Structures are given as structure tokens and as C-alpha cells.
Amino acid sequence: EALILVSEAVDKPGAANDEAYPGLLAQLAVDLERIDPLRKATSKLMAEHPNLAMSHYFNAIVAAYDEEWIKAETEIKTAESLGMPHDAAQAFLDSGVGSRAKVWHYVYYSIVLIGVWVAGLMILFLVGKYMSRVTLRSIETEDPNKATSQSQLAIRQWYRRLINFAGIYYAISIPVVLFLVLAVAASITYAFLMLGRIPIKLVLFLWLGALITVYKMVRSLFLKVEQDDPGRALRTEEAPALWELTRKVAQAVETRPIDEIRVTPGTELAVYEKGTLRERSSDKAKRILILGVGTLNGFRTNSFRAVLAHEYGHFSNRDTAGGDVALRLNDHMMKFAYAMYMSQQAVWWNIAFQFLRVYHFIFRRLSHGATRLQEVLADRVAAMKYGAAAFEDGLRHVILRGAEFNAVASREINESMQARRAMANLYEITLTENADIKAAADEALTRNTTEDDTHPCPTDRFRYTQRMTPQTEPLISGMVWDLFTNREALTAEMTSMVQVGLGQD
């Protein structure tokens, strides 16, 4: 009866600006557990008497009723600052409001953290696209007769910083992703609890997947994969003329010559440095040339020399001196992806797997943009010394021979396995006219450059080098196989190496 009477009194003109009426109404509503009169009284108190402890106290109760826990916590603390006894305010918080508010604080902090983290991923992606456009514009507009312009040196430095930052960001992302994996599992479990029904098998499966993901992700950080050098070392006496050629090219490019040639059964042609970071930084690491025997048939020495100068260009530009962050990061992502696949967690609903896909995509765009610039600058070194025509002929040969050898080797391997016979020498098989081989080679030569490419497309590379002045070194004749002392023994050994690798020994 008192509640009804005071509710009527609150609406009377004589009760205007008198806090006693809405205060009494609010207290009676709390005692009787009536929310609507409490809302009415609290609304009036907050509108007309916002500086009273009583107003914020009742507003805290309304907020708690509405399960707005952070607001309830804020209001009771405001009431305490306006004169409400500390014990009363603490009792209100200890009733469960404080703990619930703390949970929601963590939720909001987590949302902000994840939002910032996602924004960081987007910024990395956008910066990568911007750098790619800047790189392309630089390649198209800068004087190609300069090995490296100042702007291109600056782009290389920025790429290095960006890739290093991407490596750090990946390390930062690991705990965020681990938290998300566990948080999603906990949130789904909590949702089932609120619904009053817990599907035991589904929850167990969910938590098993989350724990496996966390374990695999942490374990992949500590796995070390030993990487062996490809093929085997080529002794000086096996190809003295080849070794002499590598020294002459190094002298022409004005850089230190290679220390080792490793021959492989395939069609690879690349260089790398082996040693500690300090050794590579001070240009004291071991320089290694990978030479795929499969690419040597029909390879003119003059063209090979130009391609070799391109590889030396990577040394002189110090492309092989760094790259530790990129290599380690890519290695870790590959190990983690393999672990996820083997544990059957590489599925669309696994947050960690989706993060891995997204980050690999972003990092691929960053690192590949940097390597495309490196390739163009190395092309310039080759064209300056030995001419655009020789370099183009060499690159065309490598691409065409790659398609030819892969087709011939695949056919012979399949036929020898089916017939259970020894494999014929893969490097001496006569190549017959094949439309598929020609189509594969044409596609490789005429394709367009994409942001996923580590090298610009061949037509772009030819176009860039054709703008350059003629070479400074005279032409030479002969074939690359002429530089070896025993072609038959080497090709037979490489064929045997293929057989052993396929388990046919």
C-alpha cells in the first residue's frame, strides 16, 4: 500500500525536485522486489539528482538486474565516492557483481586485443600490396643500366624491415591464437551450460581438438628440421673448365667466386650461402652453386655464362646474406601445417589452422614481393656483362629444358617401374616431338606475373633487360657439357641417384 501511495506522490507536482519521494519509492521497490517501480524511481533520481549516492546505488541495482555487470560496478563505486559506506558498497560487489564485472572486463579487453591484432594483420597485408606497387613502378621507371638505384636500395631495406617485423608479429600472434582456440572451446561449453544441456561427446571432441592444436602449435616452435645439402659436391677434376668459368664470371661481376658446386639429378640452377649469420653478414660464408644435370643438354656456354652471372648477381647484391627471418618463419609455418594435417586438425572450423592460412598468404605476398625485386636486379647484372640476348636465351633454355626433362623422366620412371627393369639413363633419352611439353613450356614463358610469384614472368624479365645497353664481355662458343671430363659417368650416377630415391636400388 505504501508503494502505491508513494508512486502516486512521485507524480504529484508538489513532489518536484524532492529526492525523498523517488528515494522512498526505490527503497520500497527493492524491499518488495518490484523492478518497474524501481526503474521509475531510479530514472527520476538520475535525471534530477545525479550527485546523490542514493541515485547511483539504486542505478547499480537496476544494472545488476539487467545483468549489465560493468555498469553496476561503476555505479556502486560512484555511489561510494559520493558518501555511501565502503562496507555496503563492498557487500554489493561481493554478492557476485564484482566477479561478473571482472569477467566482462576481461572479455572486452580480449575483444580490443583481438581487434588490434586483426587490424595489424590487415595493415601488414595493405603495406605488402603498397610495397609491391612501389617495387613495380621502380622497376618500370628507373634506369635499367644502373645495377641498383638509390630508391631500389631503399625499397630493399624497407622490405627487410617489413619481413623482420612480420616475423616478430607472427611470434606475437602465437599466444593470441592459442588464447582464441581455448576461448572458443570455453565459450561453446559455457553456452551449452546456459542452455541447460551439455552434449558430452561434442564437448569432449571440441576440447580434444583444442588441446591437440595448442600442443602441436607449441611443439612446432621447438622442432628443428635438419636440411641437407642437395645432390653431391662436384670435384674440380670432374669439370676443371666449369670451375674456371665460374671464377671468370665472378671476376667479371666483381664478386667472390663460389666455393662449391653441387650437382643434382633435376633442373635446378640456384645459389645459396652456408654459414652462421655473422659469417654471411661479413661475406665470409661458403658460397654454393646448385647445378641440375637435367638442364645441361643443349645448353650453350655463352647462355649458361649469362645465367651464372645472374646467380652471382644475388651474391654481389647480398641477397643470400640475410633471409633468416623469412626462412625460419616459413619453416615454422610449414612444420605447424604438417602437424595440423597429421593430427586431422587442418579443418575449416579450427581457428589456428585458418590463422596459419591467412598469415602464410600475407607473408607470402610480402616475401615474394622482395624476391621479385632481387631477381630483376640480378637480371641486370647478367645483361650488363653478357648481354640481354644471351641471358634471354639462357633463361628460355632453363624453362624449356625443365619441361622436357620432367616429361621424359616421368615417362621413363613409370615405364621402368611397371616393367620392373633398370632405369635407362634419363639424360640420354632422345626427346620426341610432344605437344604437351611444348604447351607446358609456352605457358611458363608467356604467363603473367602474379603476386604469388617469387620471380617476375619471363616476358617481363626479357622486356626489362632488352632496355639495357650491350654487354661488356665478348661472346664465347661451345656447349656446357664440353666443360665436363666424363659426361656419361655423371649422368649414369644421377640416374642411379633417382633410382635410389624412388626405392628401386
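Criteria and cut-off values
- Residues numbered from 1 in each chain as written.
- Predicted model: local features only at pLDDT ≥ 70, side-chain atom pairs only at ≥ 80, totals over all residues.
- Heavy atoms only, no water.
- Axes fitted to C-alpha atoms, helices over the stretch in contact; angles between N-to-C directions.
- Helix = DSSP H or I, 4+ residues; strand = E, 2+ residues; numbered from the N terminus.
- Parallel < 35°, antiparallel > 145°, perpendicular 65-115°, else oblique.
- Contact = heavy atoms within 4.5 Å.
- Nonpolar A, V, L, I, M, F, W, Y, C, P; charged D, E, K, R; others polar.
- Left-handed = near helix turned anticlockwise from the far one by under 90°.
- pLDDT = per-residue confidence, 0-100.
- Pairing = 2+ DSSP bridges.
- Polar contact = N/O pair within 3.5 Å; in protein donor to acceptor, adjacent residues only side chain to side chain.

### Some points on the packing of helix 9 (residues 240-253) against helix 13 (residues 351-386)
Okay, step 1: One way to put it is that helix 9 packs onto helix 13 with a least axis distance of 10 Å and a crossing angle of 100 degrees. Judged by the angle between their axes, helix 9 and helix 13 are roughly perpendicular. Of helix 13, the residues touching helix 9 (which contributes K248, V249, A252 and V253) are V381, K385 and Y386.
Okay, step 2: When its residues are assigned to classes, the contact of helix 9 with helix 13 shows five nonpolar, no polar and two charged.

### Regarding the packing of helix 1 (residues 2-10) against helix 2 (residues 20-32)
Okay, step 1: Running from amino to carboxyl end, helix 1 crosses helix 2 at an angle of 150 degrees, the nearest separation of the two axes being 9 Å. Between helix 1 and helix 2, the angle is such that the two are roughly antiparallel. As for how helix 1 packs across helix 2, the hand of that crossing is left-handed. Taken together, the residues of helix 2 that come into contact with helix 1 (itself represented by A2, L3, V6, S7, A9 and V10) are Y21, P22, L24, L25, L28, A29 and L32.
Okay, step 2: Tallied by class, residues from the contact of helix 1 with helix 2 come to twelve nonpolar, one polar and no charged.

### Structural notes on the confidence of the model for the protein chain
Okay, step 1: Of all residues in the protein chain, 95% attain a pLDDT of 70 or more, and the chain-wide mean is 86.
Okay, step 2: Considering each helix and strand of the protein chain separately, the mean pLDDT is smallest for helix 12 (residues 324-342), with a value of 75, and largest for strand 2 (residues 260-264), with 95.

### Regarding the sheet that holds strand 4 (residues 286-292)
Okay, step 1: Taken together, four strands build an open sheet; the order of strands is 1-2-4-3 and the sheet is mixed. The open sheet has two edge strands, strand 1 (232-233) and strand 3 (269-274), and neither has a second partner.
Okay, step 2: Across six bridges, the pairing between strand 3 and strand 4 is antiparallel. Within strand 4, the position partnered with E273 by the bridge is R287.

### A word on the side chain of R232
Okay, step 1: Within the element layout of this structure, R232 appears in strand 1.
Okay, step 2: Reaching out from R232, the side chain makes a polar contact with the side chain of E238 at a distance of 2.6 Å.
Okay, step 3: For R232, the side chain forms a polar contact with the side chain of E493, separated by 2.6 Å.
Okay, step 4: Setting aside its immediate chain neighbours within four residues, R232 contacts E238, I261, R262, V263, L490, E493, M494 and M497.

### As for the side chain of E375
Okay, step 1: Mapping E375 onto the fold places it in helix 13.
Okay, step 2: In contact with E375, other than residues within four places in its own chain, are H310, H314, T454, H455, P456 and R461.

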